[in-house]
Amino acid sequence: MCIDCGCGPGEHHHEHVHGTEGAARTIAVETDILSKNNRLAAGNRALFARQGVFVLNLVSSPGSGKTSILERTLRDLRGIHQFAVVEGDQQTDNDAARIAATGVPVKQVNTGAGCHLDAHMVGHAVENFALPALDILLIENVGNLVCPATFDLGEHHKVVVLSVTEGEDKPLKYPAMFHHADLMLLNKVDLLPHLDFDVEQCKAFARQVNPGIRILEVSSKTGQGMDAWYAWLQQGIDKAQKPGPDSD
Ligand SMILES: Nc1nc2c(ncn2[C@@H]2O[C@H](COP(=O)(O)OP(=O)(O)O)[C@@H](O)[C@H]2O)c(=O)[nH]1
Ligand SMILES: [Mg+2]
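This one's a predicted model, so the numbers in the text were calculated from it and none came from an experiment. (Residues numbered from 1 in each chain as written. Chains lettered and ligands numbered in written order. Predicted model: local features only at pLDDT ≥ 70, side-chain atom pairs only at ≥ 80, totals over all residues. Heavy atoms only, no water.)

Examining the nonpolar core
Counting 26 residues, the largest nonpolar core has L56, L138, L185, W229 and L233 as its most contacted members. With seven residues, the top contributor of residues to this core is helix α8 (residues 226–241). Sequence-distant contacts of L185, defined by excluding residues within four places in its chain, comprise I69, V159, V160, V161, L162, L216, V218 and W229. In terms of nonpolar packing, the next biggest core, distinct from the first, is built from 19 residues, V59, V189, I213 and I215 among them. (Core = buried A, V, L, I, M, F, W, Y, C linked by side-chain atoms within 4.5 Å. Buried < 20%, exposed > 50% of the residue type's maximum accessible area, 1.4 Å probe, protein only. Helix = DSSP H or I, 4+ residues; strand = E, 2+ residues; numbered from the N terminus. Contact = heavy atoms within 4.5 Å.)

Take a look at the structure:
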């Protein structure tokens, strides 16, 4: 069950509880779901650390360009790094087919009515990959700016994609997502000449909810700004592959 909208894989919960006893029970169930997810995410994180795989969780509203950014990234860097992709969607394997066309291994996870991936789904999805051979695992979450914010998958970073067609106020309207992300990719900047979108205002709003957030302006269509994104990926890969203080 998702604690934000109350939906769960394959079903919707419409349980209405009244009074303090009901509220206490709701909080107890939510705490339980989150602590179970956090336990599984910690397991995923330990696995990724042991295997030296850099893992990103890409989040955004539907249509911001997550799959397009992945496609361009994979085509540009496939010969340099070993990639795998987990594709989260409620229905269809359309995005997985787009990724497969780049030649990179991909595993589709359909969440049904569920509005986010969770650590359990990702733990199973990565059983399909030879992790020791991977440099980087890219997870495309379900298109939704609310629920995926709360669910740790064991990733190194959440990367939030916002496109310039969505309005500069989105970081303020969906603060949890922008608060939890370490990097924001401001996508579709090729469209700026046709829009009234205020880039500096949008960046200021993002920094208002997360002063430490990195922001890169990109276009997956023209390739503008993608080199800075690739340099950021390279740094993360280098760091993930460095043996930790307690590894032998
Ligand atoms: N103009 C422009 N369109 C883009 C860009 N990136 C993605 N799109 C388009 O935006 C739409 C949604 O892209 P998609 O990658 O499927 O978004 P997702 O739902 O976040 O995975 C598609 O029609 C893409 O061609 C971009 O940088 N510039
Ligand atoms: Mg997509």
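From this point on, the discussion continues.
Some words on the pattern of salt bridges
Counted according to the given criterion, the structure contains nine salt bridges. A salt bridge links K158 to E155; the nearest nitrogen and oxygen atoms lie 3.0 Å apart. An identical accessibility class is assigned to K158 and E155; each is buried. When salt bridges that share partners are traced, they join E71, D95 and R98 into one network. (Salt bridge = Lys/Arg side-chain N within 4 Å of Asp/Glu carboxyl O.)

A short note on the packing of aromatic side chains
Evaluated as defined, the whole model comprises two aromatic pairs. Ring centres of F54 and W232 lie 6.0 Å apart, and the angle between their planes is 55 degrees; on these two criteria the pair is classed as tilted. Here F54, found in strand β3 (residues 54–59), pairs with W232, found in helix α8; they are 178 residues apart in sequence, far enough to count as distant. For the pair shown, F54 and W232 are each scored as buried. Aromatic pair W229 and W232: ring centres 6.0 Å apart, planes at 15 degrees, arrangement stacked. Remark: W232 and W229 occur in helix α8; sequence separation between them is three residues, near one turn of the helix. An aromatic cluster of three or more residues is present, and its members are F54, W229 and W232. (Phe/Tyr/Trp six-rings, centres within 6.5 Å; stacked < 30°, edge-to-face > 60°.)

Quick notes on the pairing of strand β5 (residues 106–110)
Where strand β4 (residues 83–89) meets β5, five bridges bridge the pair, whose relative direction is parallel. The residue of β5 that forms the bridge with V86 is K107. Since β4 and β5 lie parallel, the crossover through helix α3 (residues 94–100) that links them has a hand, and here it is right-handed. (Pairing = 2+ DSSP bridges. Right-handed = clockwise from strand over helix to strand, strands pointing away.)

Focus: the site of ligand 1
The environment of ligand 1 is made up of 17 residues, and the closest members are G63, T67, S68, D190 and S220. Take D190: an N or O atom from its side chain is 2.7 Å from a nitrogen atom of ligand 1. At 3.3 Å from an oxygen atom of ligand 1 is found a main-chain nitrogen or oxygen belonging to K221. Taken by itself ligand 1 offers 590 Å² of open surface, and the protein chains cover 72% of this. Top contributing element to the shell around ligand 1 by residue count: helix α2 (residues 66–77), with three residues. (Near = heavy atom within 4 Å. Polar contact = N/O pair within 3.5 Å; in protein donor to acceptor, adjacent residues only side chain to side chain. Areas by Shrake-Rupley, 256 points an atom, 1.4 Å probe, with all protein chains shown as cover.)

Considering the coordination of the magnesium ion (ligand 2)
Looking at the metal site, the magnesium ion (ligand 2) is ligated by T67 (OG1), D95 (OD) and E140 (OE), spaced 2.1 Å from it. Donor residues binding the magnesium ion (ligand 2) come from one chain and are separated in sequence as T-x27-D-x44-E. One end of the pair, D95, is in helix α3; the other, E140, is in strand β6 (residues 136–140), with 45 residues separating them in the sequence. A relative accessible area of 3% means that E140 is categorised as buried. (Donors = N, O, S within 2.8 Å, 3.2 Å for Na, K, Ca; no water.)

A look at helix α7 (residues 199–209)
For α7, the complete set of buried residues consists of V199, C202, K203, F205, A206 and V209. All buried residues of α7 lie within an arc of 160 degrees about the axis, which places them on one face of the element. Opposite its buried face, α7 presents the exposed residues E200 and Q208, each directed more than 90 degrees away. In this fold, the buried residues of α7 make contact with β7 (157–163), α5 (170–173), α6 (175–180), β8 (181–187) and β9 (214–217). (Arc of directions from axis to C-beta.)

Regarding unusual backbone geometry
We note that T92 has phi near 70 degrees; this positive angle belongs to a residue other than glycine. For T92, the location among the structural elements is in the loop between β4 and α3. Using a relative accessible area of 40% as the deciding quantity, one classes T92 as partly exposed. Despite not being glycine, K188 has its phi angle at roughly 70 degrees, a positive value. Topologically, K188 is positioned in the loop between β8 and α7.

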